[in-house]
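This is what each chain is made of:
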Amino acid sequence: MALKNINPTKTQAWEKLTNHFNDNKDISIKDLCKDTNRKDDFSLELGDLSVDFSKNRITEETLSLLVELAKEVDLKDAIEKQFSGEVINATEGREVLHTALRSNSDEAVLVNGKNIKPQIQTALRKIRSFSNKVISGKWKGYTGKSITDVVNIGIGGSDLGPDMVVESLQYYKNQLTTHFVSNVDGDHVSEIIKKLNPETTLFVIVSKTFTTQETITNAETLKNWFLKSATIFDIPKHFVAVSTNLEAVDSFGIDKANVFPMWNWVGGRFSLWSAVGLSISLSVGFDNYRALLDGAEEMDLHFRNTEFENNIPVILALLSIWYNNFYNAETEAVLPYTQYLKKLPDYLQQAIMESNGKGVDRNGDKIDYQTGTIVWGSTGTNMQHAFMQLVHQGTKLIPADFIGYKESLHGLTDHHKKLMANFYGQIEALAFGKTKEEVHLELKFSGDKDKIAQLLPFKVFEGNRPSNAILFDKLTPKSLGKLIALYEHKIYTQGIIWNIYSYDQFGVELGKELAKKLLNKH
Ligand SMILES: O=P(O)(O)OC[C@H]1O[C@](O)(CO)[C@@H](O)[C@@H]1O
């Protein structure tokens, strides 16, 4: 059965939310936070994760109306349809089953009447055995040497996910050096080639379709470079592929035994949980890779089974809709307070903007309300010295997710204390600002009255800028899996409420076609 087709703006909840918004336009986060129970009332926990969303322009009533909206569009039904393998990606005629990839349960998930769980297990065993061989040095290159470098060749979902996770889990990395080539710009591949030795490099070509121009161009360039020192008979020792297109993989010259499966029921930007994550497993070992999947599964179970009032991805999705559709906030910032997550904003840009950047509804009609948010961000504290001026005092409303960790990985407690003081300091500054009176009091001590009057307006912080504090105990493969899955489910929840299809991406096609035409002309 297809997903329901309900225009959110025609629901009763939307009307109530509009009235509620008009009645509460002047709501102040500072005033709301005077309630000493607010933090408890507006926080949720899931094991090592806590989400404090008390510093938002919401009351209990806002929340219950937003939840009413989720119920009225029958989000529950949509969640069940996704998990149970219905064809919810209707425009491409596909199931959407990245959740099955990380499931440890015996529950069968049927695609065309066939349980897909056994093939997932087979693929995982293949990833494990291959990773173990490469990491242990048993897998030898064409001159008998062990592998030292892994090059992931892919783009979009076949690059951003693995690249972000490998970067984020650097602390858990083994001796292999992992590189990512994505851009068709030859400078990218050239700089990577400089670092490689053909005798000890493993190339992982990741392309669901195996037709993507950038990936195939980079793969051919790397193969030609490899063949300057080796022969075609050496290719099986150095090239493996992850793809659904077995024919194209074969004609590239890759041994059948070296092909890892991909499936049509996994979308590119949700594919790091499949063999697309092979370079993650190679980089941090299979056990850590499995832990990443387990963390995601914990979030899946929470998302599927928890009532909306206490459902973390649902609440974050609803808050985002509140600002996007009622406050007209166009962008959202993602601000991880760990250098390890520096690639998270880039990854989320594809996940969120390729999914929810849609202008027609599930009926095919042009939409007259706002959908996908613009996502951007960077790591704290660096960004405090870059773009945060605009977030604090600019003219735009930019809801922000602060992501932090209670414990530092390297045990540099002095650094961590300072880092987290900044984390909370920023949240507080955004929410509560600094009043004229406070500034005045501060300047009073400088003694110069003219100077006080002159500087006052520039030093005032209006505050009332919303943010969420997403806090984990520690950055581990498991907690990272949980965080990524949290955003995945937030994306789907928003897509359902906006009545769009989140799992296709026709918008990237036109430019590709035109580039091809132009290429053929010259
Ligand atoms: O894995 P493939 O088929 O090379 O596609 C790469 C990427 O291209 C897109 O289709 C469009 O950018 C993404 O959705 C996908 O992740």
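In short, a report on the structure. Please read all numbers here as calculations on a predicted model, not as lab measurements. (Residues numbered from 1 in each chain as written. Predicted model: local features only at pLDDT ≥ 70, side-chain atom pairs only at ≥ 80, totals over all residues. Heavy atoms only, no water.)

**As for the overall build of the chain**
And then number 1: Broken down by element type, the chain carries 22 helices and 13 strands.
And then number 2: Radius of gyration (C-alpha) of the chain: 25 Å, near the 24 Å computed for a compact globule of 522 residues.
And then number 3: Along the longest, intermediate and shortest principal axes, the C-alpha atoms of the chain span 80 × 60 × 50 Å.
And then number 4: Within the chain, buried positions represent 55% of all 522 residues.
And then number 5: Looking at the chain alone, contacts between residues at least 24 apart form 77% of all its contacts between residues at least 6 apart.
And then number 6: Accessible surface computed for the chain: about 22,800 Å², of which carbon and sulfur atoms make up 52%.
And then number 7: Computed over 59 positive and 65 negative side-chain charges, the inter-centroid distance for the chain is 5 Å. (Helix = DSSP H or I, 4+ residues; strand = E, 2+ residues; numbered from the N terminus. Rg over C-alpha atoms; globule rule 2.2 N^0.38 Å. Buried < 20%, exposed > 50% of the residue type's maximum accessible area, 1.4 Å probe, protein only. Contact = heavy atoms within 4.5 Å. Areas by Shrake-Rupley, 256 points an atom, 1.4 Å probe, with all protein chains shown as cover. Lys, Arg positive; Asp, Glu negative; His and termini not counted. Charge placed at Lys NZ, Arg CZ, Asp CG, Glu CD.)

**What about the packing of aromatic side chains?**
And then number 1: Following the criterion strictly, the structure yields 29 aromatic pairs and no others.
And then number 2: With 6.4 Å between their ring centres and 75° between their planes, F203 and F226 make a pair best called edge-to-face. Of this pair, F203 sits in strand β7 (residues 201–206) while F226 sits in helix α10 (residues 213–227), and the two are 23 residues apart along the sequence.
And then number 3: Classification of F203 by relative accessible area gives buried; the value is 0%.
And then number 4: Here the basic side chain of R102 rests over the ring of W273, its NZ or CZ set 4.5 Å away from the ring centre. (Phe/Tyr/Trp six-rings, centres within 6.5 Å; stacked < 30°, edge-to-face > 60°. Lys NZ or Arg CZ within 6 Å of the ring centre and 35° of its normal.)

**What to know about the environment of Y492**
And then number 1: Inspection of the secondary structure puts Y492 in helix α21 (residues 477–497).
And then number 2: Classification of Y492 by relative accessible area gives buried; the value is 2%.
And then number 3: Taking the C-alpha atoms as reference points, Y492 and A78, separated by 414 residues in sequence, lie 9.0 Å from one another.
And then number 4: In contact with Y492, not counting residues within four places along its chain, are L3, A78, I79, Q82, I88, F303 and Y503.

**A look at the environment of F270**
And then number 1: As for its placement among the helices and strands, F270 is situated in the loop between β9 (259–261) and α13 (278–284).
And then number 2: Sequence-wise, F270 and S229 are 41 residues apart; in three dimensions their C-alpha atoms are separated by 37 Å.
And then number 3: If sequence neighbours within four positions are ignored, F270 has contacts with H98, A351, S355, E488, I491 and Y503.

**Topic: the site of the ligand**
And then number 1: In the vicinity of the ligand, 14 residues are found, and the nearest of them are G157, S158, S207, T209 and T212.
And then number 2: Contacts to the ligand include S207, whose side-chain N or O atom sits 2.6 Å from an oxygen atom.
And then number 3: Between Q350 and the ligand, the recorded distance is 3.4 Å, taken from a side-chain N or O atom to an oxygen atom.
And then number 4: Here the ligand loses 87% of its free accessible area of 400 Å² to cover by the protein chains. (Near = heavy atom within 4 Å. Polar contact = N/O pair within 3.5 Å; in protein donor to acceptor, adjacent residues only side chain to side chain.)

**What about helix α5 (residues 75–83)?**
And then number 1: For α5, every residue scored as buried is listed here: L75, A78, I79, K81, Q82 and F83.
And then number 2: Elements in contact with the buried residues of α5: α4 (60–72), α6 (98–101), α14 (286–305), α15 (312–326) and α21.

**Examining the packing of α5 against α21**
And then number 1: In the contact formed by α5 and α21, the axes pass within 10 Å of each other and the chain directions differ by 125°. Between α5 and α21, the interaxial angle falls into the category oblique. Seen from above, α5 lies across α21 with right-handed handedness. Of α21, the residues touching α5 (which contributes L75, A78, I79, Q82 and F83) are H489, Y492, T493 and I496.
And then number 2: Classifying every residue of the contact of α5 with α21 by side-chain character gives six nonpolar, three polar and no charged. (Axes fitted to C-alpha atoms, helices over the stretch in contact; angles between N-to-C directions. Parallel < 35°, antiparallel > 145°, perpendicular 65-115°, else oblique. Left-handed = near helix turned anticlockwise from the far one by under 90°. Nonpolar A, V, L, I, M, F, W, Y, C, P; charged D, E, K, R; others polar.)

**A closer look at the sheet that holds strand β1 (residues 43–46)**
And then number 1: Spatially, six strands are ordered β1-β2-β13-β12-β10-β11 in an open sheet, and the strand pairing comes out mixed. Sheet topology places β1 and β11 (374–377) at the edges, where each strand pairs with a single neighbour. When the angles between neighbouring strand axes are averaged without regard to direction, this sheet yields 15°.
And then number 2: Note: strand β2 (residues 49–52) against strand β13 (residues 467–472), four bridges, orientation antiparallel. If you follow D52 over to β13, its bridge partner there is A469. (Pairing = 2+ DSSP bridges.)

**A word on the pairing of β2**
A regular strand places its side chains so that they alternate between the two faces of the sheet.
And then number 1: The sheet contact formed by β1 and β2 spans four bridges and is antiparallel. Looking at the pairing, S43 lines up with D52 of β2.
And then number 2: Linking β1 back to β2 in an antiparallel pair, the connection comprises two residues, with G47 at a positive phi of about 60°.

**Details of a negative patch on the surface**
And then number 1: Taken together, the side chains of D35, D40, D41 and E60 make up a negatively charged region of the molecular surface.
And then number 2: Exposure remark for D41: the relative accessible area of 41% places this residue in the partly exposed category. (Patch = residues over 30% accessible without salt bridge, like charges linked within 9 Å, V, L, I, M, F, W, Y side chains within 5 Å. Salt bridge = Lys/Arg side-chain N within 4 Å of Asp/Glu carboxyl O.)

**Overview of the pairing of β11**
And then number 1: Here strand β10 (residues 331–336) runs beside β11; their pairing, made up of four bridges, is parallel. By the bridge assignment, E332 is partnered in β11 with V375.
And then number 2: What joins β10 to β11 is helix α16 (residues 344–356), and the crossover it makes is right-handed. (Right-handed = clockwise from strand over helix to strand, strands pointing away.)

**Some thoughts on the side chain of R362**
And then number 1: Summarising the element assignment, R362 is placed in the loop between α16 and β11.
And then number 2: Buried within the structure, R362 lacks any salt-bridge partner; its nearest side chain of opposite charge belongs to D361, at an N-O separation of 8.0 Å.
And then number 3: Engagement of the side chain of R362 in a polar contact is seen with the backbone oxygen of G495, the distance being 3.4 Å.
And then number 4: A distance of 2.9 Å separates the side chain of R362 from the backbone oxygen of I500, its partner in a polar contact.
And then number 5: If sequence neighbours within four positions are ignored, R362 has contacts with L3, K4, N5, G495, I496, N499, I500 and Y501.

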